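Examination of the molecular architecture
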Amino acid sequence: MRSFRSLLIILTLCLSLLLTWWVQHRAYDWSMSRLKEQGEDRLLSTIIGLRSAIDSYNYLPFLISQNKDVQELLLYPVLDKGAEVSRFLEQMNLVSGATTLMVLDLDGRALSYSRWREEQSFFLRSHAHSPYFTQARNGNQGVYVESRTNGEPASIYLSAPIYDSSRFMGVAVVRIDLDQLSNKLSQLEDFLLIAANERVIMASDRHWQGQLLSTQVESRRESQLDDGSALQLKQLQDGRRVLFQAVELPDLGWQVAVVSDVKPVLRMRNTAALISLGGCLALGLLLLYMRERHLKNLSRQETRDALERNERQQRDIINNAHVGMIGLDASGRISFINPMASQQFGVGTARILGYAFQDLIAGDDESFTVLQRTLSRLGSKGFAPLTAHEVVGSRADGSTFPMMISIKQMATLADMQYLVTVIDITKRKRLEHALQQANDQLEHKVLERTQALQEAQQELVQAEKMAALGRMSSAVVHELNQPLTAMRTYLAICRHLLSGEQAQLAENLELIDDLTQRMALITQQLKTFAVNKPEALVPVKPRAALDQSLVLFRDRIQQDGIELQIDSHEPDLEIPGDNARLEQVFVNLIKNACDAMNGQSEAKILQVQIETDQAQPDSWVRISVADSGPGIPPDSLTHLFDPFYTTKAIGDGLGLGLSIVSSIVQDLGGQISAQNRVEGGARFDVILPRLSETSQTQTENT
Ligand code: ADP
């Protein structure tokens, strides 16, 4: 494109130069033609002027030749006659304005002379060889030009033969100095008369007169006009350049020339060239300006087209987008809405235009306030784009939906100053909610599992402890039992031997017996740990086991004033188990209840309940032992079933009872829990599997 423009400029310049050259050539040619024509006119006028000036003297020789006195003089050349004719010639000369008049005889000697008074010597000269004499003697009218080199003006001689009948007698001669003619040619300008010897014999400029033409005019060059006519251009001594035009006058042997200054021609040529160049430049500039304008218009049009195309594409994209798009003006009114947004808000495209966008939003929470703030700043400098903002949209039917909107300023679309993009996030919100629920459930499950694991771990630790305790107990029981039995045997023998004597000793032995009994109780209890879990389970009736256990507490219940309440509607309820162990459970729980109520002044109530589990009556049996004691201190609740945990004074409790109960219940596949009752006192709940038909068959088989 750029090279094309350069080429165009160069071409225009070349054309301009060519045109300028042509115009100046034509101007020069035309102007020179005019100058040439004017020169020719002047040349013609000069020739006519010259001819008429010379012709005005032509009659004189003839007039003289016809004069009778002149003829008489030639016939009879006497001095007086000659003088008379000379006076006549003098007068005629004065009248005619010629330079001199003379009459020559046959031999060419002057007989009469108009200027006889000044030049007497003139009569002595012979003119026999002068051309004007010979021409006349030959019967012609003589014309002769005499040019001089001494600066004197040239002279024209006109002569006519004088006859007596047909005999030649002499010649009448008229001499006219060219000075005489100059007055008559004074109106002619810039002309030259050039003699055959190249000497200027007359010129409008007197300085030239008598000079050689070559010294005045320097030949420059021959030139030719378009019509083929040749021109002689010369330079004058003063430096002027002139057109030189000359014509030869053969009868006079002269050249008549005129010179015309070519300055106007050159001026005309230069002016034409300047005008042409200026015109070309102006035209070129005009063309360039027009081209630039055209290109600018073209570019403007292209930009407009591109913008329109772009706008169309954007509208297509907006209309086909799966995102709602809404155009707002500076006051927050809807100027455009795409089909997706119409669908989202459930409104017709045409109906919603002009409405405030704010009317499409529901809610009055924090996010609504933020949106309101943004909308209030539309059209002001404080406007800041809003991105991925979650608000609640309001549909035409009054329903709402969660949406995510962004508000940005637009620069491209004329009727949309701000673009709001709307994404319906109902599905996402639903998923988020579902995910949250799943998370909560998972967390709950994890907590449950963690708790179960912690419990399992605790049980494991408990089991480990119990196992260690069992091992230790069996060693202790083994080691203590034998000497204890021996001791008791010896004590019995001693008591037998000392009966009736030494009462103090018997009392001491009684004390020893008590101590050994207590040791036996410890070993008995420790035995529970030492004894392995029974391999075979037999049907056991908890009610029967309770009755057998209560036998041990009959005296104590009575002494302590404890009211016993037994609640057992199904005395035949059975569990798979081991009678001795179940009794041990009852014994420990009842003993603890009695201990708790010991020393209490209020009513002492011991409640024992044996029934099927209300939740699963076919599968479980619930045994509850409750008392009206002070209850279990909260700190103790978590440690109750730990071995050797006791709140009782040393000697009163070993802290093994509940851990033994827990161990037995676990061995029987059940669970034990302790809690404080609302009405006061503690309650221990034992849940054991109920003997079903299948388990009964299994136990029978075993
Ligand atoms: P011990 O009876 O030898 O202390 P246990 O294992 O039987 O050992 O009991 C542990 C502890 O549990 C008791 O020291 C007591 O603090 C508490 N306890 C047990 N049963 C009851 C109850 N019915 N009322 C209040 N506290 C009880």
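Note that this is a predicted model, so its numbers are computed, not measured.

Per-residue pLDDT for the chain averages 85, and the proportion of residues at 70 or more is 91%. Looking at the elements of the chain, mean pLDDT is at its lowest for helix 17 (residues 693–701), recorded as 56, and at its highest for strand 24 (residues 682–689), recorded as 96.

Another aspect to go through is the pairing of strand 10 (residues 241–249). Looking at chain direction, strand 9 (residues 230–236) and strand 10 are connected through four bridges and run antiparallel. Across the sheet, residue glutamine 235 finds its bridge partner in strand 10, namely arginine 241. In textbook terms, the turn of a hairpin is the stretch between consecutive antiparallel strands, and for strand 9 and strand 10 this stretch comprises four residues, one of which, glycine 239, has a positive phi near 95°. Across eight bridges, the pairing between strand 10 and strand 11 (residues 254–261) is antiparallel. Bridge pairing links glutamate 248 to glutamine 255 in strand 11. Counting the residues between successive antiparallel strands, the hairpin from strand 10 to strand 11 contains four residues, one of them, glycine 253, with a positive phi of roughly 70°.

What follows concerns the layout of surface pockets. By volume, the second largest pocket amounts to about 760 Å³. Around the second largest pocket, the lining comprises 21 residues; the ones closest to its centre are Gln458, Glu459, Phe641, Gln666 and Ile672. Of all the elements in the fold, those that place two or more residues in the lining of the second largest pocket are helix 12 (426–497), helix 16 (657–667), strand 23 (671–676) and strand 24. Ranked by the residues each element gives to the lining of the second largest pocket, the list is headed by helix 12, at six residues. Class assignment for the residues of the lining of the second largest pocket results in seven nonpolar, eight polar and six charged.

Here the focus is the pattern of salt bridges. Counting across every chain of the model gives 31 salt bridges. Across the pair arginine 240 and aspartate 238 runs a salt bridge whose closest N-O atoms are separated by 3.3 Å. Taking the shortest distance from any N to any O, the salt bridge between arginine 581 and aspartate 667 comes out at 3.3 Å. Placement of arginine 581 in helix 15 (residues 579–597) and of aspartate 667 in helix 16 is noted, with a sequence separation of 86 residues between them. Relative accessible area serves as the criterion here: at 24%, aspartate 667 is assigned to the partly exposed category. What emerges from the salt-bridge pattern is a single network uniting Arg556, Asp560, Lys591, Asp595 and Lys648.

Turning to the sheet that holds strand 15 (residues 386–394), a few remarks are in order. The strand order across the open sheet formed by six strands is 13-12-17-16-15-14, and the pairing between neighbours is antiparallel. Among the strands making up the open sheet, the edge pair consists of strand 13 (334–337) and strand 14 (361–362). For strand 12 (residues 324–328) and strand 17 (residues 418–424), the ladder comprises five bridges, and the chain directions are antiparallel. Paired with glycine 327 across the two strands is leucine 419, which belongs to strand 17. Against the sheet, helix 11 (residues 366–376) makes contact with strand 12, strand 14, strand 15 and strand 16 (400–409), and its axis sits at roughly 115° relative to strand 15, the strand it touches most.

Okay, the site of the ligand next. Around the ligand sit 18 residues, and of these Asn592, Asp627, Thr646, Thr647 and Lys648 come closest. Side-chain polar atom of lysine 648 to an oxygen atom of the ligand: 2.5 Å apart, as the coordinates give it. Measuring from an oxygen atom of the ligand, one finds a backbone N or O atom of glycine 657 at 3.3 Å. If the ligand stood free it would expose 530 Å²; the protein chains cover 93% of that surface. Among the secondary structure elements, those contributing two or more residues to the shell around the ligand are helix 15, helix 16 and strand 24.

A word on helix 8 (residues 263–320). In this model, helix 8 (58 residues) spans 83 Å end to end at C-alpha, consistent with the 86 Å of a helix rising 1.5 Å per residue. For helix 8, the set of buried residues is Val265, Leu266, Ala272, Ala273, Ser276, Cys280, Gly284, Arg291 and Ile318.

The subject of this paragraph is the sheet that holds strand 1 (residues 100–104). Within a sheet, each strand pairs with its neighbour through backbone hydrogen bonds, oriented either parallel or antiparallel. Taking strand neighbours across the sheet as the criterion, the five strands line up as 2-1-5-4-3 in an open arrangement whose pairing is antiparallel. The open sheet is flanked by strand 2 (110–113) and strand 3 (142–146), the only strands paired with a single partner. Pairs of neighbouring strands in the sheet enclose a mean axial angle of 25°, with direction left out of account. Inspection of the sheet shows strand 3 paired to strand 4 (residues 155–164) by five bridges, in the antiparallel sense. Bridging from a neighbouring strand, valine 143 pairs with leucine 158 of strand 4. Where helix 4 (residues 79–96) meets the sheet, its contacts fall on strand 1 and strand 2, and the angle it forms with strand 2 comes to roughly 45°.

Its location among the elements puts serine 112 in strand 2. At a separation of 3.1 Å, a polar atom in the side chain of serine 112 contacts the main-chain carbonyl oxygen of glycine 82. Those residues in contact with serine 112 that sit more than four places away from it in its chain are Leu73, Gly82, Val85, Ser86, Leu89, Leu101, Met102, Val103 and Phe123.

On to the state of the cysteines, then. Scanning the entire structure with this criterion turns up zero disulfides. No disulfide involves cysteine 280; its sulfur sits 12 Å from that of cysteine 14, the nearest cysteine. Cysteine 280 sits in the buried class, given a relative accessible area of 9%.

Turning our eyes to something else, we now look at the packing of aromatic side chains. For the structure shown, the criterion picks out seven aromatic pairs. Through successive ring pairs, a cluster of aromatic residues spans Tyr132, Tyr144 and Tyr157. When the ring centre of phenylalanine 336 is taken as reference, the NZ or CZ atom of arginine 315 above it lies at 5.2 Å.

With respect to the secondary-structure elements, serine 16 resides in helix 1 (residues 2–55). The class for serine 16 is buried, based on a relative accessible area of 10%. A polar contact is formed between the side chain of serine 16 and the backbone oxygen of threonine 12, at a distance of 2.6 Å.

Before going further, it helps to spend a moment on helix 16. In terms of burial, helix 16 is largely enclosed, as eight of its 11 residues are buried. Once helix 16 ends, the next one or two residues include glycine 669, with phi positive near 80°.

A separate point is the packing of helix 3 (residues 68–75) against helix 4. Viewed as axis vectors pointing N to C, helix 3 and helix 4 meet at an angle of 150°, and their least axial separation amounts to 9 Å. Considered as vectors, helix 3 and helix 4 are oriented roughly antiparallel to each other. Considering the relative orientation of helix 3 and helix 4, their crossing is left-handed. For the pair helix 3 and helix 4, the contacting residues are Asp69, Val70, Glu72 and Leu73 in the first and Lys81, Gly82, Glu84 and Val85 in the second.

The rules behind the values
- Residues numbered from 1 in each chain as written.
- Predicted model: local features only at pLDDT ≥ 70, side-chain atom pairs only at ≥ 80, totals over all residues.
- Heavy atoms only, no water.
- pLDDT = per-residue confidence, 0-100.
- Helix = DSSP H or I, 4+ residues; strand = E, 2+ residues; numbered from the N terminus.
- Pairing = 2+ DSSP bridges.
- 1 Å grid on protein atoms, 1.4 Å probe; cavity = no way out; pocket = protein on both sides within 12 Å on 5 of 7 lines; lining within 4 Å.
- Points joined across faces, edges and corners; volume = space filled by probe spheres on them.
- Nonpolar A, V, L, I, M, F, W, Y, C, P; charged D, E, K, R; others polar.
- Salt bridge = Lys/Arg side-chain N within 4 Å of Asp/Glu carboxyl O.
- Buried < 20%, exposed > 50% of the residue type's maximum accessible area, 1.4 Å probe, protein only.
- Contact = heavy atoms within 4.5 Å.
- Axes fitted to C-alpha atoms, helices over the stretch in contact; angles between N-to-C directions.
- Near = heavy atom within 4 Å.
- Polar contact = N/O pair within 3.5 Å; in protein donor to acceptor, adjacent residues only side chain to side chain.
- Areas by Shrake-Rupley, 256 points an atom, 1.4 Å probe, with all protein chains shown as cover.
- Expected span 1.5 Å × (residues − 1).
- Disulfide = S-S within 2.5 Å.
- Phe/Tyr/Trp six-rings, centres within 6.5 Å; stacked < 30°, edge-to-face > 60°.
- Lys NZ or Arg CZ within 6 Å of the ring centre and 35° of its normal.
- Parallel < 35°, antiparallel > 145°, perpendicular 65-115°, else oblique.
- Left-handed = near helix turned anticlockwise from the far one by under 90°.

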